[in-house]
Amino acid sequence: MKREEVFNFSAGPSVLPVEVLETAGKEILNYGGSGMSVMEMSHRSKVFQEIFDSTKAKLKAALSVPDTHEVLFLQGGASLQFSMIPMNLMGELGTGKADYAVTGNFSSTAAKEGKKYGTVNIAASSEDRGHTYIPAQQELKLDPDAKYFYYCANNTIYGTEWKYVPETGSVPICCDMSSNILSMPIDISKYGIIFAGAQKNMAPAGLTVVIIDKSLAGHEMSCTPLMMSYQRMIDKDSMFNTPPCWNIYILGLVLDWLEKQGGVAGMQKIKHEKAQLLYDYLDNSKLFKACAEKEARSDMNVTFRTGSDEMDAEFCKGASARGFTNVKGHRAVGGMRASIYNAQPIEGVRALVDYMKEFEVAHV
Ligand SMILES: *Cc1c(COP(=O)(O)O)cnc(C)c1O
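In this text, all values refer to a predicted model and were calculated from it rather than measured experimentally.

*Asks:* Quick question: what am I supposed to make of the environment of Gly263 here?
*Replies:* Mapped onto the secondary structure, Gly263 falls in helix H7 (residues 263-284). Separated by 202 residues in sequence, Gly263 and Ala61 have C-alpha atoms that sit 9.5 Å apart.

Structure follows, in structure tokens:
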């Protein structure tokens, strides 16, 4: 298939802006007159340092990161943060406790990982209704002595999204924003740690962005691996070892593109408009139903089903044939999922809705 014939709804790694890929393509053999690719240059070189510094500055500007917080460019995926957070924040091994809200498989894995290092209190769980909703503030069972409160802002697999930032008093909040970072403004000062794997809304897989309140670093367990100490990474400006150079460069290009879309405030309008196209159709459809409860619906991952596994499979097969790739739901939940991250053009969403209408007419 030609690129023009495909609308890629992959949940991750996912679509990147064409403009970004074109620029990267133009610069792939010779970046900025350096005579080499960004993939080939020393991470200690002046030319790469400029890429690094400007990407970091652009990210700080895009998200209005206050001076209390540091931006880190790490590796190990979002999943390594499931271990890094307890190792750095729980105090010595086995002595600390933390609150976790479990609203999907990623937060569930994070909570299980946390248990290896201290006591995990499940502050709330949406498992009773198949992770189709987000617990309300008054449902959170918070421990004022917890070292931190952990939640996942957007549940990529179930298609639910927190619409509020939990109030936790003086307990710092750690938040997995892998699948909705850069899709809206956020008040960074409310968070202790925000982290995100880059491959959903930022850059290729291999980069993890961490935004951390600097006062939380420096208290890691004595057994913490060097590579997993926030303090060390802060002290070395993410260059204790070789950072994911290429991904950082692509993130810089994505941030330039984002600015042209009106930054995160502009993106918030666009992403909501895209999601609403799908939800409005789903709410009026006689065939398809949205999986997530209305108040909890994600603007990034729209999950839906027909009610029949056979028909879902037929829909997905037809979708692929028409160039709507990766609309099959996650294997844990079945059904369909349209991931409509920042780089998914609204035309892609309109075209998918048209196909859904066509499919409905043929099957009702
Ligand atoms: C994709 C994803 C992860 C896992 O990311 P990796 O980089 O593969 O470890 C974690 N949390 C959320 C919300 C995700 O969407």
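Resuming the write-up.
*Asks:* Please explain the domain arrangement of the protein chain as it appears in this structure.
*Replies:* Where interface size is quoted, it is often the accessible area lost as the parts come together. The domain boundaries assigned to the protein chain delineate domain 1 (22-259) and domain 2 (263-363). Using C-alpha coordinates to define each centre, domain 1 is positioned 27 Å away from domain 2. The interface of domain 1 with domain 2 comprises 26 residues on the first partner and 24 residues on the second. Together domain 1 and domain 2 conceal approximately 2,100 Å² of surface at their shared face, both sides included; 53% is due to carbon and sulfur atoms. Considering only the surface of domain 1 that becomes buried against domain 2, Ile157, Gly159 and Ser183 emerge as the three largest contributors, covering 23% of it. Counting across the domain 1 and domain 2 interface gives 14 residue pairs in polar contact (both at pLDDT 80 or more). Mapped by element, the contributors of at least two residues to the side of domain 1 that touches domain 2 are strand E7 (160-161) and helix H6 (245-260). When its residues are assigned to classes, the side of domain 1 that touches domain 2 shows twelve nonpolar, nine polar and five charged.

*Asks:* Even after reading the chapter, I still don't get the site of the ligand, so can you show me in this structure?
*Replies:* Around the ligand, the neighbouring residues are Gly77, Ala78, Ser79, Phe106, Cys152, Asn154, Thr156, Asp176, Ser178, Ser179, Gln199 and Lys200. Within the side chain of Asp176, an N or O atom sits 2.6 Å from a nitrogen atom of the ligand. Here an oxygen atom of the ligand and a side-chain polar atom of Gln199 are 2.8 Å apart. Against a free-state accessible area of 390 Å², the protein chains account for coverage of 85% of the ligand. Partitioning the shell around the ligand into residue classes produces three nonpolar, seven polar and two charged.

*Asks:* Whenever I open this one, the pattern of salt bridges confuses me. Can you help?
*Replies:* In a structure, side chains of opposite charge can pair up when their charged atoms sit close to one another. A complete count under the given rule lists twelve salt bridges for this structure. One salt bridge connects Lys58 with Asp256, and the closest N-O pair in it is separated by 2.9 Å. Taken as a pair, Lys58 in helix H2 (residues 46-62) and Asp256 in helix H6 lie far apart in primary sequence, 198 residues in all. Two residues, Lys116 and Glu113, come together in a salt bridge whose shortest N-O distance is 2.9 Å. A relative accessible area of 55% places Lys116 in the exposed class.

*Asks:* Just checking my understanding: could you explain the pairing of strand E3 (residues 97-102) for this structure?
*Replies:* Along any regular strand the residues' side chains alternate between the sheet's two faces. Burial analysis of E3 places five of its six residues in the buried class, which makes it a mostly covered element. Between the parallel pair E3 and strand E4 (residues 119-125), the chain is carried across by helix H4 (residues 105-114), and the sense of this crossover is right-handed. Bridge analysis of E3 against strand E5 (residues 149-152) gives two bridges, and the strand direction is parallel. Residue pairing for E5: Asp99 is matched across the bridge by Phe149.

*Asks:* Whenever I open this one, the sheet that holds E4 confuses me. Can you help?
*Replies:* Neighbouring strands of a sheet are bound in pairs by backbone hydrogen bonds; such pairs are parallel or else antiparallel. A sheet is described by the order of its strands in space; here seven strands give the open sequence E2-E10-E9-E8-E5-E3-E4, paired in mixed fashion. A single partner strand is all that each edge strand has here, and the edge strands are strand E2 (69-74) and E4. Each strand axis lies, on average, 20° off the axis of its neighbour in the sheet, ignoring direction. As paired elements, E2 and strand E10 (residues 208-213) share six bridges and run antiparallel to each other. Note that in E10 the partner of Val71 across the bridge is Ile211. Here helix H3 (residues 77-89) sits on the sheet in contact with E2, E3, E5, strand E8 (173-176), strand E9 (193-197) and E10, set at roughly 155° to E9.

*Asks:* Explain the packing of aromatic side chains to me, please; I cannot follow it from the model alone.
*Replies:* Aromatic ring pairs: the centre-centre distance and the angle between the two ring planes describe each pair. If you walk through the whole model with that rule in mind, you get 22 aromatic pairs. On the numbers, 5.8 Å between centres and 80° between planes, the contact of Phe288 with Phe304 is edge-to-face. With Phe288 in the loop between H7 and strand E11 (289-290) and Phe304 in strand E12 (residues 301-305), this residue pair connects regions lying 16 residues apart in the sequence. Pair check on accessibility: Phe288 and Phe304 agree, each one buried. Their ring planes at 40° and their centres at 6.0 Å tell us that Phe288 and Phe359 sit as a pair that is tilted. With a gap of 71 residues between them, Phe288 in the loop between H7 and E11 and Phe359 in helix H9 (residues 346-363) connect regions that are remote in the sequence. Residue classification places Phe288 among the buried residues on the basis of a relative accessible area of 0%. A connected cluster of aromatic rings, assembled from ring pairs, spans Phe7, Phe9, Tyr281, Phe288, Phe304, Phe315, Phe324, Tyr355 and Phe359. A cation over a ring is seen here: Arg129 above Tyr133, with NZ or CZ 3.9 Å from the ring centre.

*Asks:* Is there a simple way to explain H4 in this structure?
*Replies:* Within an α-helix, residues lying three or four positions from one another point in the same direction, as the helix has 3.6 residues per turn. Among the residues of H4, Ser107, Ser108, Ala110, Ala111, Glu113 and Gly114 are the ones counted as buried. Packing partners of the buried residues in H4 comprise H3, E3, E4, E5 and strand E6 (154-155).

*Asks:* How should I be thinking about the nonpolar core in this particular structure?
*Replies:* Soluble globular proteins tend to pack their nonpolar side chains together in the buried interior. Residues Phe48, Leu63, Phe73, Phe149, Tyr151, Leu182 and Met202 are the most contacted members of the largest nonpolar core, which totals 54 residues. Per-element accounting of this core gives the leading share, ten residues, to H6. Other than its neighbours up to four places away in sequence, Phe48 contacts Val38, Met41, Ser42, His43, Met239, Pro243, Cys245 and Ile248. Counting 30 residues, the second largest nonpolar core, distinct from the first, contains Leu74, Leu89, Tyr150 and Val210.

Thresholds applied
Residues numbered from 1 in each chain as written. Predicted model: local features only at pLDDT ≥ 70, side-chain atom pairs only at ≥ 80, totals over all residues. Heavy atoms only, no water. Helix = DSSP H or I, 4+ residues; strand = E, 2+ residues; numbered from the N terminus. Domains from an automatic or database assignment. Contact = heavy atoms within 4.5 Å. Buried area = accessible area lost by both parts, 1.4 Å probe. Polar contact = N/O pair within 3.5 Å; in protein donor to acceptor, adjacent residues only side chain to side chain. Nonpolar A, V, L, I, M, F, W, Y, C, P; charged D, E, K, R; others polar. Near = heavy atom within 4 Å. Areas by Shrake-Rupley, 256 points an atom, 1.4 Å probe, with all protein chains shown as cover. Salt bridge = Lys/Arg side-chain N within 4 Å of Asp/Glu carboxyl O. Buried < 20%, exposed > 50% of the residue type's maximum accessible area, 1.4 Å probe, protein only. Right-handed = clockwise from strand over helix to strand, strands pointing away. Pairing = 2+ DSSP bridges. Axes fitted to C-alpha atoms, helices over the stretch in contact; angles between N-to-C directions. Phe/Tyr/Trp six-rings, centres within 6.5 Å; stacked < 30°, edge-to-face > 60°. Lys NZ or Arg CZ within 6 Å of the ring centre and 35° of its normal. Core = buried A, V, L, I, M, F, W, Y, C linked by side-chain atoms within 4.5 Å.

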